[in-house]
Structure formats: C-alpha cells, structure tokens
Amino acid sequence: MSFIPYDLNDDKLKKIQREGLKWTVGHAYNNSPFYKKKLDHANIRPEDIRSLEDIEHLPLTDKNDLQQEYPFPLRAAPFEDIVRIHASSGTTGKRKVLCYTQKDIDVWADIFARCYELAGLTRKDRVQIAVGYGLWTAGVGFQAGCERFGAMAVPIGPANAEMHCEMMVDMQTTVFCSTASMALLMAEEIHKRNLLSSIKVNKIILGAERHSPSMRTRIKELMGVEHIFDIYGLTELYGPGTGLDCRHHNGIHYWADHFIFEILDPETLKPVPCGQQGELVVTTLSKVGSPLIRYRTHDVTRLFNQKCSCGVPFPMHDRILGRTDDMFIYRAVNIYPSQIDHVLSKVDGIGSEFQIHLKQRESGRDMMLIKVERAANTDTVNDMHLAEQLETEIRRKILVRCRVEILDHGDLPRTQRKSQRVFDHRNNSTSEA
Ligand SMILES: [Zn+2]
C-alpha cells in the first residue's frame with residue numbers, strides 16, 4: 001500500500017489545487033468571521049477566485065492575525081467539530097492556537113505517513129520519537145504518522161540520553177526522530193558508550209531546527225547511519241510532516257495536493273521567479289478547523305522547478321535557508337547568516353562558529369568582516385590561505401566582497417541560546433540575528 005499517489009501528474013495536481021483554493025476561500029469566508037472581515041476589506045468574494053493565478057489577489061495573513069483574535073483566531077468550524085487544539089509559542093505576545101477537526105487530524109496522519117514512505121521505511125521499522133509532546137505539534141505528529149504508516153512507534157519524547165540509549169538498544173530501533181542538536185548529542189553519547197555495535201539505527205529524521213551541513217556530517221559519521229532526512233512543517237500548517245527530502249537529498253518534496261507554496265520577496269511581497277529565494281507563504285487546500293490563506297511563514301527558502309529522479313510526483317523546495325527577520329542588506333544584496341554558514345561549512349580547516357561584522361568606511365562604502373575560528377587542533381600556518389579561500393568562495397556563491405579574519409579555536413563566545421551572528425556597526429546600530 002502506498003501513501004504517495006504516484007499516478008499524480010501536473011495537470012491533475014493543478015486541478016486539485018484550483019478546486020482546493022476555491023473551496024478554502026469559500027469555506028473561510030462563510031465560516032470564519034476573521035476571514036470574512038479580511039476578504040470583505042480586500043473587496044474579494046469567494047466567486048472571484050476562479051483560477052490558481054487569482055491567489056495573488058488574496059490578502060496575506062501574518063502571525064499578528066493569530067494573536068489579535070486569541071484564543072481561536074482562524075477557527076472556521078463549530079466547536080462541536082473541533083477535536084483538538086495545538087499551539088506554538090509566539091516569541092512576542094500570546095500563543096498561536098490552531099483548531100483541528102477529525103478530518104484535519106486524519107489528513108495530517110496521511111501526509112506524515114507519506115514522509116515515512118518517502119524515507120524508505122517499511123512496516124517492520126521501529127521509530128524512536130525524541131521530539132516534544134503536548135501542546136506543540138511535533139511528537140504526536142511523528143507518532144500518528146508512524147501508526148498510520150504501520151511501523152512501530154517508540155514514543156519517548158526528549159527525555160534524557162540515558163533512556164534513549166537504553167531503549168535504542170533494547171527495542172532495536174531503526175529510525176530516530178529528533179532535532180539536530182538532540183541527534184548530535186545522541187551520536188556523541190553512543191560513541192562515548194561504545195554502543196555502535198549494539199544499535200540498529202539506519203535512518204535519522206530531523207525536524208524543527210535549522211542546522212549546518214557540517215552538523216549532519218558529524219551525526220552521520222558518529223552514528224554510522226545511511227540517511228539523514230529533513231522534515232518540514234509548522235504548527236499553523238498541521239505541524240511537522242508537510243514534506244521531506246527523498247534519498248537523493250536534492251530538496252524537500254512537499255505535498256502540493258494539500259497546500260500551495262508561494263515564494264515572495266519579503267520587502268515587496270511580490271512573487272519571485274522560480275528558483276529565487278524569498279519568504280515562504282502557504283495556503284491550505286483542505287484544512288477545516290483553521291484554514292490558512294496566504295500565511296506568511298517568515299521562513300526563507302526557494303522552489304525548484306526540475307523533476308527529481310526518485311519519481312515522486314511532488315515539487316520540491318530547498319532547506320530552510322533562514323528567517324526573514326535575520327536578513328541584512330549589504331551593498332544592495334539581501335543576505336541571510338545561513339548563506340554564510342553554508343559557504344563556511346564547505347571549507348575544511350575551520351570551526352562552526354562565526355560572526356559577521358558590518359561597518360561603514362570613511363568613503364561611505366559598506367564593508368563586511370567575517371570572523372571565523374580555525375578548526376580545533378590546527379595551527380596558524382594556513383590562516384592566510386584559508387582567509388583567501390573563504391573570501392573567494394563568498395564572492396563566488398553570494399556575489400559580494402568581504403574580508404575574513406581567522407581566529408583561534410574557542411575565541412568566539414559559546415551560548416546555549418542561539419548565537420548572535422550579525423553585528424551591524426553601520427549607523428552605530430547592532431542588529432540581533
Ligand atoms: Zn526525490
């Protein structure tokens with residue numbers, strides 16, 4: 001039995017999207033006072049939406065909309081049909097609460113089951129779930145998808161490394177699902193305890209946290225797994241499970257028969273050409289409890305238009321490259337710290353910590369200095385060569401000139417929280433990123 005509809009083609013998909021869009025706009029307009037007000041304000045009636053292109057006339061929704069109408073902001077179904085809520089933490093203000101009907105829960109389990117299928121699992125797999133359970137969506141999504149798929153769920157939650165190691169050995173877990181930092185912690189723990197020969201994990205599914213390619217490589221090496229997959233999702237959009245990269249790892253296939261992904265320029269809010277990066281904006285096609293119409297995720301990625309050789313008939317987007325809030329402008333180019341991170345991670349001899357300093361010269365021209373640490377246990381002989389190599393790579397990949405300074409390993413501050421990467425000394429301001 002397959003959860004991925006391999007017989008889907010572009011025409012069928014477009015038709016599903018067109019019908020889904022029309023249904024969603026009508027459903028939201030007729031059942032959610034919030035959307036009715038918003039669409040009335042934009043002077044749009046459901047019958048104005050006839051083709052996929054008409055999506056551009058619809059107003060955008062943003063996280064503020066989910067806070068103003070607290071506690072049930074986008075609700076478009078009667079309470080007797082709502083069987084569950086989830087919430088994601090708002091960095092400012094109230095939580096964002098989303099309503100689920102039984103149909104929403106079923107769709108979510110179905111699309112999550114597709115993720116496991118795409119990762120090449122079989123019903124004999126044993127899936128150890130190390131992400132959080134409760135109000136936020138992660139754990140229960142991984143579990144319901146696993147049960148729907150027919151593999152065995154080992155639902156543990158974050159817990160501690162001790163318990164995870166014990167269960168991994170005793171249950172003979174084959175698939176481990178966690179955040180990247182948890183996977184790295186486990187990989188190091190397994191290595192330290194010399195457990196590699198006692199465990200059977202061959203796949204890792206990472207969600208909910210951006211991470212660098214060097215982190216993946218390290219996890220892969222230490223744990224000896226075949227594949228590490230990236231799962232995407234956000235609570236507003238069911239939760240994790242909206243897409244996964246296939247075994248070719250060229251991008252994340254997303255379930256475009258359940259949502260439309262647009263990429264907009266975060267400044268102008270106009271669509272960018274396919275392949276160019278911008279902000280991901282999502283519209284759901286079948287969500288009943290809390291439908292989304294052009295919801296701004298503030299995640300930065302891009303869509304790919306080439307077909308993947310794996311045969312999955314769904315389009316792909318890139319990994320999440322950053323958040324729109326992290327972006328800075330340097331010599332008229334929009335840059336995300338993650339792009340710098342990506343370039344650095346491809347060069348040997350340097351560590352994973354870096355800082356970006358933006359300054360203004362006397363001439364008024366901006367300059368960028370990147371401070372990066374030498375790898376542990378290396379000496380200074382290669383510094384000049386390394387700096388030149390990094391400057392060249394950044395010019396080639398990001399198309400801007402900068403200066404690179406190599407520091408001793410351990411010179412940059414370490415923090416449990418997200419490290420500050422960007423220090424903007426232009427106009428004496430320091431931007432948090
Ligand atoms: Zn593929």
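Being a predicted model, the structure only gives us computed values, none of them experimental.

## What to know about the pairing of strand β18 (residues 350-360)
Then step 1. Both β18 and strand β19 (residues 366-374) contribute to a ladder of eight bridges, which runs antiparallel. Residue Lys359 lies in a different strand from β19, and its bridge partner there is Met367.
Then step 2. In textbook terms, the turn of a hairpin is the stretch between consecutive antiparallel strands, and for β18 and β19 this stretch comprises five residues, one of which, Gly364, has a positive phi near 95°.
Then step 3. Across three bridges, the pairing between β18 and strand β21 (residues 422-424) is parallel. Bridge pairing in β21 links Leu358 to Asp424.

## Observations regarding the domain arrangement of the chain
Then step 1. Here the chain is partitioned into domain 1 (1-323) and domain 2 (328-428).
Then step 2. Centre-to-centre, using C-alpha coordinates, domain 1 lies 32 Å away from domain 2.
Then step 3. With seven residues of domain 1 in contact, the opposing surface of domain 2 contributes eight residues.

## Quick look at the sheet that holds strand β14 (residues 316-317)
Then step 1. On the basis of which strands lie adjacent, the open sheet formed by nine strands has the order β4-β3-β5-β6-β7-β8-β9-β14-β13 and mixed pairing. The open sheet terminates on both sides in strands that have one partner only, identified here as β4 (152-155) and β13 (303-304).
Then step 2. Sheet topology note: the strand β3 (residues 126-129)/strand β5 (residues 175-178) ladder contains three bridges and is parallel. The partner of Gln128 across the bridge, within β5, is Phe176.
Then step 3. Sheet strands touched by helix α4 (residues 102-118): β7 (227-234), β8 (239-245) and β9 (252-254). Its angle to β8, the strand with the most contacts, is close to 30°.

## Some details on the packing of helix α9 (residues 337-345) against helix α10 (residues 383-398)
The axes of two packed helices give the description: the angle between them and the distance between them.
Then step 1. With their axes 10 Å apart at the nearest point, α9 and α10 run at an angle of 130° to one another. Taken as axis vectors, α9 and α10 run oblique relative to one another. The crossing of α9 and α10 is right-handed. Along its contact with α9, which presents Gln339, Val343 and Leu344, the element α10 presents Leu390, Glu393, Ile394, Lys397 and Ile398.
Then step 2. Tallied by class, residues from the contact of α9 with α10 come to five nonpolar, one polar and two charged.

## Considering the sheet that holds strand β15 (residues 322-323)
Then step 1. The antiparallel open sheet is built from four strands, whose spatial order is β10-β11-β12-β15. Across the chains shown, the open sheet's two edge strands, defined by having one partner strand only, are β10 (259-264) and β15.
Then step 2. Sheet topology note: the strand β12 (residues 295-301)/β15 ladder contains two bridges and is antiparallel. In the strand pairing of β15, Val300 is matched with Gly322.

## Here we look at unusual backbone geometry
Then step 1. For the bond from Tyr70 to Pro71, the omega torsion is 5°, close enough to zero to count as cis.
Then step 2. With respect to the helices and strands, Pro71 occurs in the loop between α3 (63-68) and β1 (82-88).
Then step 3. Despite not being glycine, Asn43 has its phi angle at roughly 60°, a positive value.
Then step 4. At Arg294, a position not held by glycine, the phi torsion is positive, near 45°.
Then step 5. Structurally, the position occupied by Arg294 is in the loop between β11 (278-284) and β12.

About the thresholds
Residues numbered from 1 in each chain as written. Predicted model: local features only at pLDDT ≥ 70, side-chain atom pairs only at ≥ 80, totals over all residues. Pairing = 2+ DSSP bridges. Helix = DSSP H or I, 4+ residues; strand = E, 2+ residues; numbered from the N terminus. Domains from an automatic or database assignment. Contact = placed C-beta atoms within 7 Å. Axes fitted to C-alpha atoms, helices over the stretch in contact; angles between N-to-C directions. Parallel < 35°, antiparallel > 145°, perpendicular 65-115°, else oblique. Left-handed = near helix turned anticlockwise from the far one by under 90°. Nonpolar A, V, L, I, M, F, W, Y, C, P; charged D, E, K, R; others polar.

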